[in-house]
Each structure stands twice: as C-alpha cells, then as structure tokens.
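# Survey of secondary and tertiary structure
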Amino acid sequence: MCAADGLLVLLDRDTTVIRVVDPLSNAVTVPALSSVVDASSSSSTRADSVAKVFRKPWVINLRVINGAGFDDSTSPPTLVLCLRGMVSNIIVAKPGDAHWTLVAPGEASYPEYDAAGKLLFYSLLSWRGRCYLTSPEGSVYVLELQPLPRLVGIIDQRSLCAPDRHYLGLVFSFLVPDGNGNGGGRMLMVRYWKNIKFFGGIESYRESELFTVAGVTGRIEVLELDLAGRRLIPLDTVYLGYRNQRNVKFSAYDLNSRGTEPPHQFCVDEFQRVLPCARPCNLDQYLACYVDRAHALSSNCIGHASHENDPY
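Given the structure is predicted, the values throughout are model-derived calculations rather than measurements. (Residues numbered from 1 in each chain as written. Predicted model: local features only at pLDDT ≥ 70, side-chain atom pairs only at ≥ 80, totals over all residues. Heavy atoms only, no water.)

Glancing now at the sheet that holds strand S13 (residues 150-155). With respect to topology, 4 strands assemble into an open sheet ordered S10-S11-S12-S13, the strand pairing being antiparallel. Each end of this open sheet is capped by a strand with a single partner; those strands are strand S10 (123-127) and S13. Neighbouring strand axes in the sheet, compared pairwise and without regard to direction, differ in orientation by 30 degrees on average. With 3 bridges joining them, strand S11 (residues 130-134) and strand S12 (residues 140-144) adopt antiparallel strand pairing. Across the sheet, the residue bridging to tyrosine 132 is valine 142, located in S12. (Pairing = 2+ DSSP bridges. Helix = DSSP H or I, 4+ residues; strand = E, 2+ residues; numbered from the N terminus. Axes fitted to C-alpha atoms, helices over the stretch in contact; angles between N-to-C directions.)

Before going further, it helps to examine the pairing of S10. Along S10, 5 of the 5 residues are buried, which leaves the element largely enclosed by surrounding structure. As judged from the 5 bridges shared by S10 and S11, these two strands associate in the antiparallel manner. What sits directly across from leucine 125, in S11, is tyrosine 132. The antiparallel hairpin formed by S10 and S11 contains 2 residues in its connecting segment, where arginine 128 sits at a positive phi of about 50 degrees. (Buried < 20%, exposed > 50% of the residue type's maximum accessible area, 1.4 Å probe, protein only.)

Moving on, we get to the side chain of glutamate 137. One can find glutamate 137 in the loop between S11 and S12. One buried charged side chain, glutamate 137, makes no salt bridge at all; its nearest oppositely charged neighbour is arginine 158, positioned 4.8 Å away. A distance of 2.7 Å separates polar atoms of two side chains, one belonging to glutamate 137 and the other to serine 139. (Lys, Arg positive; Asp, Glu negative; His and termini not counted. Salt bridge = Lys/Arg side-chain N within 4 Å of Asp/Glu carboxyl O. Polar contact = N/O pair within 3.5 Å; in protein donor to acceptor, adjacent residues only side chain to side chain.)

For the chain, mean pLDDT is 75; residues scoring 70 or higher make up 62% of the total. Contacts of residues 297-312 to residues separated by more than four positions or lying in other chains number 53 contacts, the stretch itself having pLDDT below 50. (pLDDT = per-residue confidence, 0-100. Contact = heavy atoms within 4.5 Å.)

Tallying each qualifying case throughout the model produces 5 aromatic pairs. Summarising the aromatic geometry, the rings of tyrosine 122 and phenylalanine 172 are spaced 5.5 Å apart at their centres and angled 45 degrees between planes, so their arrangement reads as tilted. Taken together, the residues span a long stretch of sequence, with tyrosine 122 in the loop between helix H2 (111-115) and S10 and phenylalanine 172 in strand S14 (residues 171-178) at a distance of 50 residues. Looking at tyrosine 122, the relative accessible area reads 19%, which means it is buried. Among the residues examined, phenylalanine 172 registers a relative accessible area of 13% and is labelled buried. Both rings, one in tryptophan 193 and one in phenylalanine 199, keep their centres 4.7 Å apart while their planes meet at 65 degrees; by these two values the pair is edge-to-face. When its relative accessible area of 10% is taken as the criterion, phenylalanine 199 is described as buried. Taken together, the aromatic side chains of Tyr122, Phe172, Phe174, Tyr192 and Phe211 make up a single cluster linked through ring pairs. (Phe/Tyr/Trp six-rings, centres within 6.5 Å; stacked < 30°, edge-to-face > 60°.)

Quick look at the sheet that holds strand S5 (residues 36-37) now. As summarised here, the arrangement of the 5 strands in space is S5-S9-S8-S7-S6, forming an open sheet in which the pairing is mixed. Pairing within the sheet leaves two strands with one partner each, and these edge strands are S5 and strand S6 (65-71). Bridging between strand S7 (residues 78-83) and strand S8 (residues 89-93) involves 5 bridges; their strand directions are antiparallel. Residue pairing across strands places leucine 81 opposite isoleucine 91, the latter belonging to S8.

See the structure below:
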C-alpha cells in the first residue's frame, strides 16, 4: 500500500487489517480499518464516515490512503495514516490497539472543515521520531498523541492566505527531509504558489523569484524549518516542477550564483507518464516530483498514488 520509515505498510483487502512489514523480521498487525473511534467527541458521526469507506473491502479505492509515518513517543511506536479526499482525516493505531483513533484538528481547526467532519492538511513527514504536518498555506503542526491525538501548532502561516482560498488548489506546501532524519540533515518545506496574482500579484515579487508556464505566473520557495525558533528560513535554491515542462531537461537553479546544477532528463513511459530517466530519484528530482503532487501527467516515482479521476 505504501512505505513509512523504511517499512512496508500493507492492507489486506478481505479483512481491512493493516500489517507493517520489516524485511528483516516478521510482520506486525494493527487493527482493521473498519474500526475507527473519535476519542475527542461523544459523537460517532465523524468516525463512522471514515470507517464505512472500509466496510466494503471489495470496493476499496486505495487512493484514499495517501501517506504514512511512525511516532516513537509511544511503545510500541504508533502508525499514522493519512486519508484523503471525501474522508480527509488522519488516523492512528499501534500493535495491540482494538481500533484506530481519529486525530482531532486541535490548533489546525478550520470551521468549514470541522463542520464537514474533515481535517485540513497537505503533507506528512516522520522526522526524528515525531510526525509533522503542513496545511496548504504552510502552517506546520506536530502530532501529539497524549492525552488525546491532536495537532499542535508550531509555525503559523495563515495570514498568507485568505480563509476561503485554503482549499482552492492555489498554494501547496510539502515537507521533505534533507539528509538523515535520524541524525543530521534538515527538514525542508517546498511551497508552490500556483497563481501569484491571488497573492499580491507580480509587482510584489522580484522577477527572478517567478516563473510562467502556460500563461500562469507562479512561485516556488524552498524553506528550512527552524523548529526551535518556530520559523521558516528561506533558502537560495529553486526546484522547478516538471509539470508542463516535460519536453525539456530539469535542474535546480541557484539564485545567488544564477547557475544551475547538471540537468536531469525526464522521459515518458508506455502509459505516457513523465518520470526521471535515471532512478531512484535524488533530492532535487524528489522535490520536483513533490511539486507535481497530483501526478496528473507523471509516474509515481515518490510512492504517491495519482488522484486523477479519483472518486474520493
């Protein structure tokens, strides 16, 4: 189904039981996805709307499960799953639990999503034993499991995006590791402003910070997360996504030196999907693919399912 921290996360379609497989040891079983509770509310409506998706295993669309991670603050570690689309939520469970538990919005609360029984988030990253999430505009939250699973704010970026534009597909913020998350390295955010006219217009930015594809001017930022200082630090390298640029080579562009790294060639497979010619991906190819999160034209080179024509 997906991978998390080097382990395989597998779903048994017949029973909806999740198994976490370590290639060097045996599989560990966690509860069936058809059993979900909401520990933050006396109402079961939100939990039922999530669980019912998995109560007919023969019609499960695995695209609804998009992203996984582990939180080491419990023993054994807790598995975290992201659910997308119409059941947009985060659920957690660990071996020995009787059911999955919904993560409460906490400080990531948005009235329009709360009312619909959903959780607004965009990306998940396991980092040094904890799970971090972003909202579309780039606010950063950490998952706290005690006393109840909830999201706690670290970096607030809500002022950058009007409330009615959080879900309109105009800005996307992704968390990615730079180096070894268990030791050195950094946690980075790639933020893609799809159409800059909604965010101050061209006159608000330097020309070198913008690019235009198919008549739409956008902006891509690469930022380092300073967790202790609760801030985002801009970096000087731009990673352009290859969506709508599939007929040209790709490379990272350094704003200071105005130079590029050696370009990477992308090609088309038998299904007319774009993918790097040389794999596995290195960091800049990974970032480019993350910008093209929807994978409308690209292959799933970073392990995310395409959402094109997704009923969820």
